[in-house]
Structures are given as C-alpha cells and as structure tokens.
Amino acid sequence: MEWEEFDAPGVGPRMLFPMAWSLLPLTVGLILLVRSDGLWPTSFLAAGIMLSLVAVWLGASKVPGRVDMIKLLISPFAAFSLFFQPPEIIQAIIAVVVWVLNYKTAVFLSEISLKAYRVEWPEDIRIPDVKGATFFRRKWAAKPLFRVGQNLVRGVIYDEKAMLEADAPVEFLSE
C-alpha cells in the first residue's frame, strides 16, 4: 500500500481575524476592571474569551481531530464563571490565562504541516495493527481512527473514495 503526498489546506489566516479582534474586548475589559465596577468589565472579558474561542473553533473545524474537546470547553466555562463576580484580580487572571491558552492552540493549529499523505482504503476492510498506535476505532469512518505519537490518522472521503489521511506515512504490521 503506497502513501501519496498532497498539499493540505492551511488554517492560519482563517484564525487571525477573530484572534486579533478578541484582544479589543479583552483590553477594554481589563481597563474597565480597574476603573469601574459592575458587569461591563466582566462582559468585555467574557466577550474577549469567546472571540478567541471562535478563532480556535474555525481552525479546529478546518483540520478536525487535532484539538481535544476539553480545550474547546475551557473557554465557555471560564467566560460563564466570570459572571459569578470573583475578585477583580481573579477575573483578570482567568481571562488572560484562557486567552493565552486559546492563542497557543491557534499557534499549534497554524503550525500543522501543509503536507499530508493519503492512501485509498476500502470501507469494509478492518484497519490492521500499527506498532505503537493508539486506536480509536478499527473500522474505517470519516473520523480520527488512530494516533501514532503525534501523527493522527483520519478517515476522509476524497473524490468519492474512502481514504486514510496522515501527517506522515504509517507502516502497517500486516495487510
């Protein structure tokens, strides 16, 4: 079975716009947090967190299976928890830490290799063993199937053909 190299779409520019705009409400929220009380600073901090989540969500939807769901769930819970009005310093720390986490996730998604490898795979054939792999499922599906280190192997449909797609070629133990 021969893996073929192809150019995968990049996600960097798609995430740049909402990530940059998320700094505006975050900064306004931090300034208002120092100058005034009430829900306005909290609202701006929560809006900044959620805009940064939108950026990460756009990138994660472009290259599925690369970001764990738990990383995406942190932002809405943090934004919601701000409305319970913890002390101002805690609100600022939560907002900045969650924004930095989203930024690092966006950087990770932007750095993903633009080269990928595909091999045609019949849908009814079970996926054989791979040395050092963590399997999510053994039958082909249009989802992440298994991981070998940082190399995630996904099932994709391209030109109406079922295929396996990976960041680097994978060697099967038995075919």
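Above this text you will find the structure in question.
Now for a description of the structure that goes with this document. Just so we're clear, the structure is a prediction, and the values are computed from it rather than from any experiment.

Details of the environment of Phe136
Line of reasoning, step 1. As for its placement among the helices and strands, Phe136 is situated in the loop between β3 (133-135) and β4 (144-148).
Line of reasoning, step 2. Classification of Phe136 as partly exposed rests on a relative accessible area of 42%.
Line of reasoning, step 3. Among residues more than four places away in sequence, those in contact with Phe136 are Pro144, Leu145, Phe146, Arg147 and Leu152.

Description of the sheet that holds strand β2 (residues 115-120)
Line of reasoning, step 1. Read across the sheet, 6 strands follow the order β1-β2-β6-β5-β4-β3 without closing on themselves; strand pairing throughout is antiparallel. Each of the sheet's edge strands pairs with one partner strand only, and the pair in question is β1 (4-7) and β3. On average, each strand axis in the sheet is tilted by 30 degrees relative to the strand beside it, whichever way the strands run.
Line of reasoning, step 2. For β2 and strand β6 (residues 161-166), the ladder comprises 4 bridges, and the chain directions are antiparallel. From the neighbouring strand, Arg118 faces β6, where its bridge partner is Glu165.

A short note on the side chain of Thr105
Line of reasoning, step 1. For Thr105, the position within the fold is in helix α4 (residues 88-110).
Line of reasoning, step 2. Overall, Thr105 belongs to the buried group, its relative accessible area being 6%.
Line of reasoning, step 3. Polar contacts involving the side chain of Thr105 include one to the main-chain carbonyl oxygen of Leu101, which spans 2.9 Å.
Line of reasoning, step 4. In contact with Thr105, other than residues within four places in its own chain, are Val56, Val67 and Lys71.

Points about the pattern of salt bridges
Line of reasoning, step 1. Considering all chains together, one arrives at 4 salt bridges under this definition.
Line of reasoning, step 2. When the shortest N-O distance is used, the salt bridge between Asp129 and Arg138 registers 2.8 Å.
Line of reasoning, step 3. Overall, Asp129 belongs to the partly exposed group, its relative accessible area being 38%.
Line of reasoning, step 4. Among the ionic pairs, Glu165 bridges to Arg154, the shortest N-O distance being 2.9 Å.

A look at the packing of aromatic side chains
Line of reasoning, step 1. Counting across every chain of the model gives 7 aromatic pairs.
Line of reasoning, step 2. Ring centres 4.8 Å apart and planes at 35 degrees place the aromatic pair Phe135 and Phe146 in the tilted group. With a gap of 11 residues between them, Phe135 in strand β3 and Phe146 in strand β4 connect regions that are remote in the sequence.
Line of reasoning, step 3. The exposure class of Phe135 is partly exposed, given its relative accessible area of 22%.
Line of reasoning, step 4. An aromatic cluster is present here, built from Trp3, Trp121 and Phe172 joined pairwise through their rings.
Line of reasoning, step 5. Positioned over the ring face of Phe6 is Arg118, at 3.7 Å from the centre of the ring.
Line of reasoning, step 6. Over the ring of Phe135 we find Arg138, and its NZ or CZ is 3.7 Å from the ring centre.

Parameters at a glance
The residue numbers shown here count from 1 along each chain, following its written sequence. A pLDDT threshold of at least 70 governs which residues receive local features in this predicted model, and a stricter bar of 80 or more applies before side-chain atom pairs are shown or counted, although totals over entire chains, interfaces and linings include all residues. Based on all heavy atoms of the structure, the side-chain values leave hydrogens and waters out of the count. Under the DSSP-based scheme used, a helix requires at least four consecutive residues in state H or I and a strand at least two consecutive residues in state E, with every element numbered from the N terminus. The cut-offs for exposure are 20% and 50% of the maximum accessible area for each residue type, with area from a 1.4 Å probe on protein chains only; residues under the lower value are buried, those over the upper are exposed, and the others partly exposed. Here, residues are in contact when the closest pair of their heavy atoms is within 4.5 Å. Two strands form a pair only when DSSP identifies at least two bridges running between them. Angles run from 0 to 180 degrees between N-to-C directions of axes, and those axes are lines fitted to C-alpha atoms, restricted for helices to the stretch in contact. Polar contact is the term for a pair of N or O atoms within 3.5 Å; when the atoms are in protein, one must be able to donate a hydrogen and the other to accept it, and sequence-neighboring residues count only if both atoms are side-chain atoms. We count a salt bridge whenever a side-chain nitrogen from Lys or Arg sits within 4 Å of a carboxyl oxygen from Asp or Glu. Aromatic rings from Phe, Tyr and Trp, with only the six-membered ring used for Trp, were paired whenever their centres fell within 6.5 Å, and each pair was classed as stacked if the ring planes differed by under 30 degrees, edge-to-face if by over 60, and tilted otherwise. Either the NZ atom of lysine or the CZ atom of arginine qualifies as a charge over a ring when it sits within 6 Å of the ring centre and within 35 degrees of the ring normal.

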